[in-house]
Amino acid sequence: MEKQKVQQQLAHTKKEINHFVSRINEQNQMVSNFETKLEKLKNLKNDEQRNIREKLDKMKKVKILTDEDWIGFQNNFDAIFPDFTDILKGNSPDMTASEMRYLMLIKLKFSHKEMARALGVSDNAIRVTWSRVRKRLNGTLEDTPEDLIKRLFTRENAV
């Protein structure tokens, strides 16, 4: 009985460590992606670069709990990814604000759990939004959110 309890605790601890490592890896990947984009912007003036870095730092720590938070987040996002929302709206003009938020956070490599925390909603609410987004963008059950975004932007660039 004691051995089984210890094994359960060990399994739980391993799961927690794997989750922690996964979050660190996700954050590192997000930072790496931002750094790559910043490298492309080297020809900008130092003030503009600092401004973009500050916006990225704010976005990494975001809590979108009020309309004011959302407006600030969206302004920063649009400054960094200027065509993103226009392309999404062009493909689906009736996309809701929550669906748009979901795709913007996916673009920033947020996990569903991180989205739920940032938005102050349940994990289930995020899953429901993903289901609606997938249907709206004609995705399949095999598609990931990243797949749908990539497909939209590949199609847009081909036009």
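Values in this document were obtained by computation on a predicted structure and should not be read as measured data.

Q: Just checking my understanding: could you explain the overall build of the protein for this structure?
A: Summing up its helical and strand segments, the protein has eight helices and zero strands in all. Listing each helix as α and each strand as β along the protein from the N terminus yields α-α-α-α-α-α-α-α. Every one of the 159 residues in the protein was classed for burial, and the buried ones make up 31%. Across the protein, every contact between residues at least 6 apart in sequence was considered, and the portion connecting residues at least 24 apart equals 57%. With an accessible surface of roughly 10700 Å², the protein has 50% of that area assigned to carbon and sulfur atoms.

Q: Mind showing me how you'd approach helix H4 (residues 84–91) here?
A: Think of an α-helix as 3.6 residues a turn; residues three or four steps apart then line up on the same face. The set of residues buried in H4 consists of Phe 84, Thr 85, Ile 87 and Leu 88. Along H4, the residues classed as buried sweep out an arc of 160 degrees about the axis, all on the same side. Facing away from the buried side of H4 by more than 90 degrees, the exposed set consists of Asp 86 and Gly 90.

Here is what the cut-offs are and how they apply
Residues numbered from 1 in each chain as written. Predicted model: local features only at pLDDT ≥ 70, side-chain atom pairs only at ≥ 80, totals over all residues. Heavy atoms only, no water. Helix = DSSP H or I, 4+ residues; strand = E, 2+ residues; numbered from the N terminus. Buried < 20%, exposed > 50% of the residue type's maximum accessible area, 1.4 Å probe, protein only. Contact = heavy atoms within 4.5 Å. Areas by Shrake-Rupley, 256 points an atom, 1.4 Å probe, with all protein chains shown as cover. Arc of directions from axis to C-beta.

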